[in-house]
Amino acid sequence: MIPPFPLQRIALPTGVVLEVAVAGNPAHPPIILLHGWPESHRTWRHQIPELARTHFVIAPDQRGFARSSKPAAVSDYAPPKLLGDVLALADHFGVDRFTLVGHDWGGAVAWMGALNRSDRVQRLVIINAPHPLIFQRTMFDDPDQRAASQYITAFRNPALEAHIAEIGVDAYFAKTFVGHADQAKLAEEKPFYLDQWQQPGALTAMYNWYRASPIIVPQIGEELARPAFLDKPFPPLAMPALVIWGMADTALKPSQLVGLDTLVPDLTLVKVDAGHFVTWEAPDAVNAAMRDWL
């Protein structure tokens, strides 16, 4: 088992305190790693030591997760606030421009950062996290993706935490990753997940990421008005991007890669034989792809 990384508690002007794994020489090029749901900086446990050889690595537990702050309101998890934390964290370390890496929900924040703050994000690495336009478009155009995304509606249900309390976090853990992750590799990390999920307010905070998201998830067979922006020109990404994709992902279908090259002119796409949690399911492949590209 990989031991825990030493963490710094950093108070940000955005009103939250984040626990942050920091590694490498501050004189080296900075790289910020954003984990997804329902994880923490430990999703990068195989990448942090590798990247720290050549980069200054900053890997926060984002707001709502582990022992970082958990603001109470759903609106506290609106996307601009999540990105605000990342920029404030970079400012804290005196970092102007940086490589931004994101997996899952961390990838959603990373896409937003790259699309809106090209003055700060120098390069982008995305790992199994859909481009926002493609993701919303496939909710309307790809029946498989719409079906696979119904869990989002379930996660927005305000009664969900009461259900988890009734069955117990341990039982819920057993259900969470079924069909989505390598169970053998997951087993050794179970104590870390359970510890983090049982922090006061953690489950509600984690689900508030979904509740605050503007993504529209139509029900199966539901006819909704198609948002006009889906068929209008969308600004291309301004910087080079590496997209690493676990092709056995059951939550994000292959339609997420269709048309990506037109939205990301300087795209390097690496497909990996792994599921959604590719950072620790296939760490050697992820590390090799990042090392070669960086």
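The text that follows walks through the structure, step by step, so that each part is easy to find. (Residues numbered from 1 in each chain as written. Predicted model: local features only at pLDDT ≥ 70, side-chain atom pairs only at ≥ 80, totals over all residues. Heavy atoms only, no water.)

1. Let's talk about helix α11 (residues 202–212)
The element α11 is largely enclosed, with a buried count of ten among its eleven residues. Within α11 the residues assigned to the buried category are Ala202, Leu203, Ala205, Met206, Tyr207, Asn208, Trp209, Tyr210, Arg211 and Ala212. Each element contacted by the buried residues of α11 is listed here: α2 (79–92), α3 (105–116), α6 (150–155), α7 (160–167), α8 (169–176) and α10 (190–197). (Buried < 20%, exposed > 50% of the residue type's maximum accessible area, 1.4 Å probe, protein only. Helix = DSSP H or I, 4+ residues; strand = E, 2+ residues; numbered from the N terminus. Contact = heavy atoms within 4.5 Å.)

2. Thoughts on unusual backbone geometry
Cis geometry marks the peptide bond from Trp37 to Pro38; its omega dihedral reads -5°. The backbone of Asn128 sits at a positive phi, close to 45°, despite the residue not being glycine. Structurally, Asn128 can be placed in the loop between β6 (121–127) and α4 (132–141). Judged by relative accessible area, Asn128 falls into the buried class, the value being 0%.

3. Quick notes on the packing of aromatic side chains
Summed over all chains, the structure comprises 20 aromatic pairs. Ring centres 5.6 Å apart and planes at 85° place the aromatic pair Trp105 and Tyr210 in the edge-to-face group. Note that Trp105 is positioned in helix α3 and Tyr210 in helix α11, a separation of 105 residues in sequence. Note on Trp105: relative accessible area 14%, which makes it buried. For Tyr210, a relative accessible area of 5% puts it in the buried group. Between Phe173 and Trp197, the aromatic rings sit 5.6 Å apart at their centres with planes inclined by 55°, giving tilted as the arrangement. Of this pair, Phe173 sits in helix α8 while Trp197 sits in helix α10, and the two are 24 residues apart along the sequence. (Phe/Tyr/Trp six-rings, centres within 6.5 Å; stacked < 30°, edge-to-face > 60°.)

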